[in-house]
Amino acid sequence: MRLSRIIMALTVGLAVVAVPTAAGAAQPQPQPQPTATTDPPQPPPYAPQPPALTVNRPTIFLGETVILTGTGFGPNETVDHTVTVTPFAAPAAGKAPVRRSDGTTVAMAPVAYQASAPLQFTAFTDAQGHFTKSYKPSVTGLLTFTATGRESGRTATAQLRVLDKKQPLPVTGDSIGTPMKLGGGLVGAGAIMLLLTMAWRRRQRFGGAAH
(Lines give C-alpha, C1' and ligand atoms only; values in the text may rest on other atoms or scores of the structure.)
Protein backbone atom coordinates (compact mmCIF):
# COMPACT_ATOMS: atom_id res chain seq x y z
CA MET A 1 0.00 0.00 0.00
CA ARG A 2 2.77 2.39 0.90
CA LEU A 3 4.70 1.43 -2.23
CA SER A 4 1.75 2.17 -4.46
CA ARG A 5 1.36 5.62 -2.88
CA ILE A 6 5.03 6.37 -3.48
CA ILE A 7 4.72 5.35 -7.13
CA MET A 8 1.57 7.48 -7.52
CA ALA A 9 3.28 10.49 -5.95
CA LEU A 10 6.26 10.15 -8.28
CA THR A 11 3.96 9.88 -11.32
CA VAL A 12 2.03 13.00 -10.31
CA GLY A 13 5.29 14.92 -9.74
CA LEU A 14 6.66 13.97 -13.13
CA ALA A 15 3.41 14.99 -14.77
CA VAL A 16 3.47 18.36 -13.05
CA VAL A 17 7.05 18.96 -14.18
CA ALA A 18 6.39 17.83 -17.77
CA VAL A 19 3.30 20.01 -18.36
CA PRO A 20 5.10 23.44 -18.29
CA THR A 21 7.87 22.06 -20.47
CA ALA A 22 5.41 20.82 -23.10
CA ALA A 23 3.48 24.07 -22.96
CA GLY A 24 6.64 26.07 -23.49
CA ALA A 25 7.64 23.89 -26.45
CA ALA A 26 4.21 24.36 -28.04
CA GLN A 27 4.40 28.15 -27.93
CA PRO A 28 5.87 29.77 -31.11
CA GLN A 29 9.40 30.95 -30.71
CA PRO A 30 10.04 34.64 -31.54
CA GLN A 31 11.77 35.13 -34.88
CA PRO A 32 15.05 37.02 -34.80
CA GLN A 33 14.70 40.52 -36.15
CA PRO A 34 17.00 41.39 -39.08
CA THR A 35 19.66 43.82 -38.20
CA ALA A 36 19.81 46.98 -40.26
CA THR A 37 22.81 46.99 -42.56
CA THR A 38 24.15 49.90 -44.64
CA ASP A 39 24.79 48.93 -48.26
CA PRO A 40 27.80 50.57 -49.91
CA PRO A 41 26.90 53.38 -52.34
CA GLN A 42 26.38 52.15 -55.87
CA PRO A 43 28.47 53.80 -58.59
CA PRO A 44 26.52 55.90 -61.10
CA PRO A 45 25.48 54.07 -64.26
CA TYR A 46 28.16 54.11 -66.97
CA ALA A 47 27.58 56.82 -69.54
CA PRO A 48 29.20 55.86 -72.87
CA GLN A 49 31.29 58.48 -74.59
CA PRO A 50 29.34 60.11 -77.42
CA PRO A 51 30.68 59.18 -80.87
CA ALA A 52 32.89 61.70 -82.64
CA LEU A 53 34.70 61.88 -85.98
CA THR A 54 37.51 64.36 -86.71
CA VAL A 55 40.06 65.10 -89.45
CA ASN A 56 43.59 66.22 -88.66
CA ARG A 57 43.40 69.10 -91.19
CA PRO A 58 40.19 70.97 -92.05
CA THR A 59 41.50 72.21 -95.44
CA ILE A 60 43.91 70.55 -97.86
CA PHE A 61 44.96 70.75 -101.51
CA LEU A 62 44.04 68.10 -104.03
CA GLY A 63 46.42 65.15 -103.82
CA GLU A 64 47.15 65.47 -100.09
CA THR A 65 46.14 62.92 -97.43
CA VAL A 66 44.18 63.39 -94.20
CA ILE A 67 43.74 61.19 -91.14
CA LEU A 68 40.24 60.42 -89.87
CA THR A 69 39.93 59.66 -86.14
CA GLY A 70 36.83 58.12 -84.58
CA THR A 71 36.01 57.80 -80.87
CA GLY A 72 33.02 56.62 -78.85
CA PHE A 73 32.02 53.74 -81.12
CA GLY A 74 31.43 50.14 -80.07
CA PRO A 75 34.45 48.01 -79.13
CA ASN A 76 35.87 45.83 -81.89
CA GLU A 77 33.22 46.71 -84.45
CA THR A 78 33.15 47.63 -88.12
CA VAL A 79 32.43 51.28 -88.89
CA ASP A 80 31.03 52.11 -92.34
CA HIS A 81 31.96 55.45 -93.92
CA THR A 82 30.13 57.38 -96.62
CA VAL A 83 31.64 60.42 -98.39
CA THR A 84 29.35 63.11 -99.79
CA VAL A 85 30.92 65.68 -102.15
CA THR A 86 29.44 69.16 -102.44
CA PRO A 87 31.04 71.27 -105.22
CA PHE A 88 32.12 74.78 -104.39
CA ALA A 89 29.81 77.59 -105.50
CA ALA A 90 29.95 78.22 -109.26
CA PRO A 91 30.16 81.75 -110.74
CA ALA A 92 26.90 83.65 -110.65
CA ALA A 93 24.56 83.16 -113.58
CA GLY A 94 24.69 85.84 -116.25
CA LYS A 95 28.38 86.56 -115.76
CA ALA A 96 30.00 88.01 -118.88
CA PRO A 97 32.10 85.52 -120.87
CA VAL A 98 35.87 85.80 -121.00
CA ARG A 99 37.15 87.97 -123.87
CA ARG A 100 40.16 86.96 -125.92
CA SER A 101 42.87 89.28 -127.21
CA ASP A 102 41.41 89.27 -130.72
CA GLY A 103 38.03 90.45 -129.46
CA THR A 104 36.24 87.09 -129.57
CA THR A 105 34.60 85.65 -126.47
CA VAL A 106 34.54 82.18 -124.98
CA ALA A 107 32.09 80.82 -122.42
CA MET A 108 33.54 79.27 -119.27
CA ALA A 109 32.06 75.80 -118.57
CA PRO A 110 32.47 73.94 -115.25
CA VAL A 111 34.93 71.06 -115.25
CA ALA A 112 33.59 67.67 -114.14
CA TYR A 113 35.95 65.64 -111.96
CA GLN A 114 35.91 61.87 -111.97
CA ALA A 115 36.29 60.54 -108.45
CA SER A 116 38.87 57.79 -108.13
CA ALA A 117 39.02 57.74 -104.33
CA PRO A 118 36.31 55.52 -102.79
CA LEU A 119 33.15 57.23 -101.59
CA GLN A 120 32.42 54.28 -99.27
CA PHE A 121 34.92 52.46 -97.06
CA THR A 122 35.20 50.79 -93.65
CA ALA A 123 37.33 51.06 -90.52
CA PHE A 124 37.70 48.81 -87.47
CA THR A 125 37.66 49.96 -83.85
CA ASP A 126 39.80 48.70 -80.99
CA ALA A 127 38.61 47.55 -77.56
CA GLN A 128 37.98 51.19 -76.55
CA GLY A 129 35.92 52.01 -79.64
CA HIS A 130 38.65 54.10 -81.33
CA PHE A 131 39.93 53.96 -84.90
CA THR A 132 42.09 55.90 -87.37
CA LYS A 133 41.85 55.84 -91.15
CA SER A 134 43.83 57.67 -93.86
CA TYR A 135 42.02 59.11 -96.88
CA LYS A 136 43.32 60.81 -100.03
CA PRO A 137 40.59 62.74 -101.87
CA SER A 138 40.63 62.91 -105.66
CA VAL A 139 37.98 65.62 -106.04
CA THR A 140 37.72 69.22 -104.97
CA GLY A 141 34.84 70.60 -102.94
CA LEU A 142 33.36 70.20 -99.48
CA LEU A 143 33.59 66.56 -98.38
CA THR A 144 31.30 65.27 -95.61
CA PHE A 145 32.30 62.00 -93.95
CA THR A 146 29.55 60.01 -92.17
CA ALA A 147 30.70 57.12 -89.93
CA THR A 148 28.18 54.54 -88.61
CA GLY A 149 28.94 51.57 -86.37
CA ARG A 150 27.37 48.35 -87.63
CA GLU A 151 26.72 46.84 -84.19
CA SER A 152 26.30 49.92 -82.01
CA GLY A 153 24.45 52.07 -84.56
CA ARG A 154 26.38 55.12 -83.36
CA THR A 155 27.08 57.74 -86.00
CA ALA A 156 29.23 60.86 -86.34
CA THR A 157 30.21 63.25 -89.15
CA ALA A 158 33.17 65.44 -90.13
CA GLN A 159 33.84 67.85 -92.99
CA LEU A 160 36.89 68.56 -95.14
CA ARG A 161 37.57 71.29 -97.71
CA VAL A 162 39.65 70.17 -100.69
CA LEU A 163 41.11 72.96 -102.83
CA ASP A 164 42.56 72.68 -106.31
CA LYS A 165 46.31 72.94 -106.71
CA LYS A 166 47.78 76.21 -107.96
CA GLN A 167 48.81 75.41 -111.53
CA PRO A 168 50.40 77.63 -114.20
CA LEU A 169 48.06 79.03 -116.81
CA PRO A 170 47.79 76.83 -119.90
CA VAL A 171 49.54 78.02 -123.06
CA THR A 172 47.00 78.63 -125.81
CA GLY A 173 47.09 80.07 -129.29
CA ASP A 174 45.76 83.39 -127.98
CA SER A 175 48.39 83.64 -125.24
CA ILE A 176 51.15 83.01 -127.82
CA GLY A 177 49.69 85.27 -130.50
CA THR A 178 49.61 88.40 -128.37
CA PRO A 179 53.35 88.40 -127.46
CA MET A 180 54.24 87.57 -131.06
CA LYS A 181 52.19 90.47 -132.33
CA LEU A 182 53.79 92.80 -129.84
CA GLY A 183 57.27 91.52 -130.65
CA GLY A 184 56.71 91.90 -134.37
CA GLY A 185 55.63 95.49 -133.88
CA LEU A 186 58.73 96.25 -131.85
CA VAL A 187 60.98 94.68 -134.49
CA GLY A 188 59.32 96.71 -137.22
CA ALA A 189 59.67 99.94 -135.25
CA GLY A 190 63.33 99.14 -134.58
CA ALA A 191 63.98 98.54 -138.28
CA ILE A 192 62.41 101.87 -139.19
CA MET A 193 64.51 103.69 -136.57
CA LEU A 194 67.64 102.00 -137.91
CA LEU A 195 66.90 103.06 -141.50
CA LEU A 196 66.21 106.63 -140.42
CA THR A 197 69.44 106.74 -138.47
CA MET A 198 71.46 105.42 -141.41
CA ALA A 199 69.83 107.93 -143.76
CA TRP A 200 70.60 110.80 -141.39
CA ARG A 201 74.25 109.77 -141.06
CA ARG A 202 74.60 109.45 -144.83
CA ARG A 203 73.10 112.85 -145.33
CA GLN A 204 75.44 114.35 -142.77
CA ARG A 205 78.44 112.71 -144.47
CA PHE A 206 77.61 113.88 -147.98
CA GLY A 207 76.58 117.30 -146.75
CA GLY A 208 79.94 117.81 -145.04
CA ALA A 209 81.83 116.73 -148.18
CA ALA A 210 79.95 119.30 -150.31
CA HIS A 211 81.11 122.15 -148.07
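Up top you'll find the structure we're talking about.
Conventions adopted
Residues numbered from 1 in each chain as written. Predicted model: local features only at pLDDT ≥ 70, side-chain atom pairs only at ≥ 80, totals over all residues. Heavy atoms only, no water. Core = buried A, V, L, I, M, F, W, Y, C linked by side-chain atoms within 4.5 Å. Buried < 20%, exposed > 50% of the residue type's maximum accessible area, 1.4 Å probe, protein only. Helix = DSSP H or I, 4+ residues; strand = E, 2+ residues; numbered from the N terminus. Contact = heavy atoms within 4.5 Å. Patch = residues over 30% accessible without salt bridge, like charges linked within 9 Å, V, L, I, M, F, W, Y side chains within 5 Å. Areas by Shrake-Rupley, 256 points an atom, 1.4 Å probe, with all protein chains shown as cover. Salt bridge = Lys/Arg side-chain N within 4 Å of Asp/Glu carboxyl O. Phe/Tyr/Trp six-rings, centres within 6.5 Å; stacked < 30°, edge-to-face > 60°. Polar contact = N/O pair within 3.5 Å; in protein donor to acceptor, adjacent residues only side chain to side chain. Pairing = 2+ DSSP bridges. Axes fitted to C-alpha atoms, helices over the stretch in contact; angles between N-to-C directions.

Undergrad: Would you mind going over the nonpolar core with me for this structure?
TA: As a rule of thumb, nonpolar side chains are buried together in soluble globular proteins. In terms of nonpolar packing, the biggest core is built from 22 residues, with Leu53, Leu68, Tyr135, Leu143, Phe145 and Leu160 touching the most fellow members. Breaking this core down by element, the ones donating at least two residues are β1 (52-55), β3 (66-71), β4 (78-86), β7 (120-124), β8 (131-135), β9 (141-149) and β10 (155-163). No other element matches the four residues that β10 contributes to this core. The contacts of Leu160, once residues within four sequence positions are left out, are Arg57, Pro58, Thr59, Ile60, Val66, Pro137, Gly141, Leu142, Leu143 and Phe145.

Undergrad: Would you mind going over a nonpolar patch on the surface with me for this structure?
TA: Among the surface-exposed residues, Ile192, Met193 and Leu196 lie close enough to one another that they form a single nonpolar patch of about 330 Å² accessible area. Within the fold, Met193 resides in helix α2 (residues 173-210). When its relative accessible area of 55% is taken as the criterion, Met193 is described as exposed.

Undergrad: Looking at this model, I keep getting lost on the packing of aromatic side chains. Mind explaining?
TA: For any pair of aromatic rings, the description consists of the separation of the ring centres together with the inter-plane angle of the planes. Applying the stated criterion to the full structure yields three aromatic pairs. Their ring planes at 85 degrees and their centres at 5.3 Å tell us that Tyr135 and Phe145 sit as a pair that is edge-to-face. Note that Tyr135 is positioned in strand β8 and Phe145 in strand β9, a separation of 10 residues in sequence. With relative accessibility at 0%, the residue Phe145 sits in the buried group. One aromatic cluster is present, built from ring pairs that chain together Phe121, Tyr135 and Phe145.

Undergrad: Got a minute to help me understand unusual backbone geometry in this structure?
TA: Leaving glycine out, the prevailing phi sign among residues is negative, and the prevailing peptide bond configuration is trans. A positive phi is found at Asn76, a non-glycine position, where the angle reads about 55 degrees. When you line up the elements, Asn76 lands in the loop between β3 and β4.

Undergrad: Explain the side chain of Ser138 to me, please; I cannot follow it from the model alone.
TA: Turning to its location among the elements, Ser138 is positioned in the loop between β8 and β9. Judged by relative accessible area, Ser138 falls into the buried class, the value being 18%. Within polar-contact distance, the side chain of Ser138 engages the backbone nitrogen of Ala117 at 2.9 Å.

Undergrad: Could you clarify how one ought to interpret the sheet that holds β8 in this entry?
TA: Sheet strands associate in pairs through backbone hydrogen bonding, adopting either a parallel or an antiparallel arrangement. Strand order across the open sheet formed by three strands is β1-β3-β8, with antiparallel pairing between neighbours. Among the strands making up the open sheet, the edge pair consists of β1 and β8. Put simply, the sheet's adjacent strands are angled 20 degrees from each other on average, direction ignored. Relative to β3, β1 is paired through four bridges, and the arrangement is antiparallel. Across the sheet, the residue bridging to Ala52 is Thr71, located in β3.

Undergrad: Which parts of the structure should I look at to understand the pattern of salt bridges?
TA: Pairs can form between side chains of opposite charge whenever their charged atoms are close. For the structure on display, the rule yields two salt bridges. Of the charged contacts, one joins Glu64 and Arg57 as a salt bridge, the two residues approaching to 3.0 Å between their closest N and O atoms.

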